Amino acid sequence: MINYFIKFDDLSLSTVRLFTYDEGSKKQVKKYSLIDAKEALMPGNNLYIMIPSALFGFKVTKNEIGLKDEILKANIFSESEDGLISNVSDLKFFFHPSINLASWIDCTTYDSIAEHFNQFEGDVYFYPEHFLLPEGINSIYIAENSFIFSFNDLTGFSGSNDLLEDYLQILASAGVDLKTLQVLGKSEPKLLNKFKDLNFQKIQFSDFHISFINSLKFSNVNFFKRKLSFHYVKQKLKFNFFEFWALNISVLILLIAPLVISYNLNSSVNTYKQSTVKIFEQLNPNFQRLVNARAQIDDLTRNIPKQNNISKQDLGVLNYLDAFKDDSIQRIAINLIDQEINIQLEGLPLFKLNLLKQILKSEELNFIESDLTEKDKAFYGNLRVQYET
């Protein structure tokens, strides 16, 4: 795992130093523009961007009454309005309850940094650069051209060394005991000739990075808020080409399936309605519109006289006809209302007709042959058989 640290050279944010800490190898430090630094990053690693503390405003608050979001923001800004140099609407606000610290930074400045790393395939962390310094004491790191100051309450500041002497005098006049100030640096600064009582300790700047990586004190704090995008989600899930397209097809199916089901249901309902309308039109040629199928069926059947149940004789006749199979018997239709069986004949020989009558002579049947025609000793047409229940 590679850990990257980006340190800005000044408040213009035009150039940065990229510190690279790779396991099993020494650190590397290179100077880039921010865009070039982004191109030098290997995906899948940790990136810590240390933003100049001078760009932030800070206020220590425990938020004991539990204010939320915009209400907390308005309350903090109303208490800090004397120190604000920008319109409140132009500031991006943060509150981290784990360290009791509220902070803010200009939105344009923040976005100009964040936009470069929204697509980075790895974990990105933004911190004010004074978070690198030891916690719980007033300390200052003095580099060649700049300084970083950290107070024991985790507020801080940074700036050019041209302002350092004036800044220390301001601190002294504000009641800060400079004798307790821990001064850190790569080499002893000339400033100590004037402030002889300052306690100096020699330290490499990279030591702060190593300590920061190994420490968990800011594990719940991150000033970076990534804007989610389809590209980033794809990278994070690490789908290969086929998995990616399989996911797309699955999502598409999930989106389309309810529409297809709804369409099929509507189509079935319409088909059912059309079939019902056809049945009503057959029952009643004057039928116009389907409103309530059950009620309309009751209305159509109200005047039909009640019929007797099908007798055993009906079933017996059907059994005889079923046993008397012949190709010349084309169709058998039963009219229960008129108690009549219509047998459509197509070339039934005379002897078979007599045989059929002989078989059914035990039944109370009446054969009506008026619709039959005889040709070549075979009968054609409709043989009507009436029966009584």
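Everything that follows concerns the structure shown earlier in this document.
Residues numbered from 1 in each chain as written. Predicted model: local features only at pLDDT ≥ 70, side-chain atom pairs only at ≥ 80, totals over all residues. Heavy atoms only, no water.

Engineer: Which parts of the structure should I look at to understand the overall build of the chain?
Structural biologist: Each helix and strand counted, the chain has 10 helices and 18 strands in total. The long-range share in the chain, meaning contacts at least 24 apart out of those at least 6 apart in sequence, stands at 54%. Per element, the accessible surface of the chain, about 24400 Å² overall, is 52% carbon and sulfur. (Helix = DSSP H or I, 4+ residues; strand = E, 2+ residues; numbered from the N terminus. Contact = heavy atoms within 4.5 Å. Areas by Shrake-Rupley, 256 points an atom, 1.4 Å probe, with all protein chains shown as cover.)

Engineer: Help me understand the pattern of salt bridges, please; the structure alone is not making it clear to me.
Structural biologist: Going through the model one piece at a time under the given rule, you end up with four salt bridges. Note that Asp9 is salt-bridged to Lys31, the shortest N-O span being 3.7 Å. Residue Asp9 is located in the loop between strand S1 (2-8) and strand S2 (15-22), and its partner Lys31 is located in strand S3 (residues 28-33); the two are separated by 22 residues in the primary sequence. What makes Asp9 partly exposed here is its relative accessible area of 23%. Glu340 is the salt-bridge partner of Arg384, the closest N and O atoms lying 3.3 Å from each other. (Salt bridge = Lys/Arg side-chain N within 4 Å of Asp/Glu carboxyl O. Buried < 20%, exposed > 50% of the residue type's maximum accessible area, 1.4 Å probe, protein only.)

Engineer: I would appreciate a short explanation of helix H3 (residues 107-114) in the present structure.
Structural biologist: Listed in full, the buried residues belonging to H3 are Tyr110, Ile113 and Ala114. Each buried residue of H3 sits inside an arc of 95 degrees when the element is viewed along its axis, so together they form one side. Those residues of H3 hidden inside the fold are in contact with S1, helix H1 (34-39), strand S4 (46-51), strand S6 (91-96), strand S7 (101-106) and strand S8 (123-128). Put simply, Asp106 is the residue that caps the front of H3, since its side-chain oxygen is 3.1 Å from the backbone nitrogen of Thr108. (Arc of directions from axis to C-beta. Polar contact = N/O pair within 3.5 Å; in protein donor to acceptor, adjacent residues only side chain to side chain.)

Engineer: Looking at this structure, how should I read the pairing of strand S18 (residues 378-387)?
Structural biologist: The side chains of a regular strand alternate, residue by residue, between the two faces of the sheet. Burial within S18 is extensive, with seven of its 10 residues counted as buried. Examined bridge by bridge, strand S15 (residues 340-349) and S18 share nine bridges and lie antiparallel to one another. Looking across to S18, one finds that Leu348 is bridged to Phe379. Sheet topology note: the strand S16 (residues 365-368)/S18 ladder contains four bridges and is antiparallel. Note on S18: the bridge partner recorded for Phe367 is Val385. With four bridges connecting them, strand S17 (residues 372-375) and S18 associate as antiparallel partners. In the strand pairing of S18, Lys375 is matched with Ala378. Between S17 and the antiparallel strand that follows it, S18, lie two residues; Asp376 among them carries a positive phi value of about 55 degrees. (Pairing = 2+ DSSP bridges.)

Engineer: Is there a simple way to explain the environment of Ala143 in this structure?
Structural biologist: Mapped onto the elements, Ala143 comes out in the loop between strand S9 (139-142) and strand S10 (146-150). Considered as a pair, Ala143 and Ser187 are 44 residues apart in the sequence and their alpha carbons are 8.3 Å apart.

Engineer: Before we go on, may I ask you to explain a nonpolar patch on the surface in this structure?
Structural biologist: Together, Leu247, Val251, Leu252, Leu255, Ile256 and Val260 give the surface a local cluster of nonpolar side chains, amounting to about 500 Å² of exposed area. Here Leu247 lies in helix H7 (residues 241-283). (Patch = residues over 30% accessible without salt bridge, like charges linked within 9 Å, V, L, I, M, F, W, Y side chains within 5 Å.)

Engineer: What is the right way to look at the sheet that holds S6 in this model?
Structural biologist: Adjacent strands of a sheet pair through backbone hydrogen bonds, lying either parallel or antiparallel. A sheet is described by the order of its strands in space; here three strands give the open sequence S5-S7-S6, paired in antiparallel fashion. Whereas interior strands pair on both sides, the edge strands pair on one side only; in this sheet they are strand S5 (56-60) and S6. Shown here is a sheet whose adjacent strand axes are inclined to one another by a mean of 20 degrees, direction ignored. Taken together, the five bridges between S5 and S7 define a ladder with antiparallel strand orientation. Residue pairing in the sheet places Val60 in a bridge with Leu101 of S7. Against the sheet, helix H2 (residues 69-79) engages S5, S6 and S7, with an angle of about 105 degrees to S6. In the packing of H3 onto the sheet, the strands contacted are S6 and S7, and the crossing angle to S7 comes to about 85 degrees. (Axes fitted to C-alpha atoms, helices over the stretch in contact; angles between N-to-C directions.)

Engineer: What am I meant to see in the packing of aromatic side chains here?
Structural biologist: How two aromatic rings sit relative to each other is given by the distance of their centres and the angle of their planes. Within this structure, the stated rule accounts for 29 aromatic pairs. Both rings, one in Tyr48 and one in Phe212, keep their centres 5.9 Å apart while their planes meet at 85 degrees; by these two values the pair is edge-to-face. Of this pair, Tyr48 sits in strand S4 while Phe212 sits in helix H5 (residues 205-214), and the two are 164 residues apart along the sequence. Consider the rings of Phe56 and Phe223, whose centres lie 5.6 Å apart with planes at 75 degrees: the pair is edge-to-face. Taken as a pair, Phe56 in strand S5 and Phe223 in the loop between H5 and helix H6 (230-237) lie far apart in primary sequence, 167 residues in all. In terms of burial, Phe56 and Phe223 fall into one category: buried. One cation-aromatic arrangement involves Lys7 over Phe205; the distance from NZ or CZ to the ring centre is 5.8 Å. (Phe/Tyr/Trp six-rings, centres within 6.5 Å; stacked < 30°, edge-to-face > 60°. Lys NZ or Arg CZ within 6 Å of the ring centre and 35° of its normal.)

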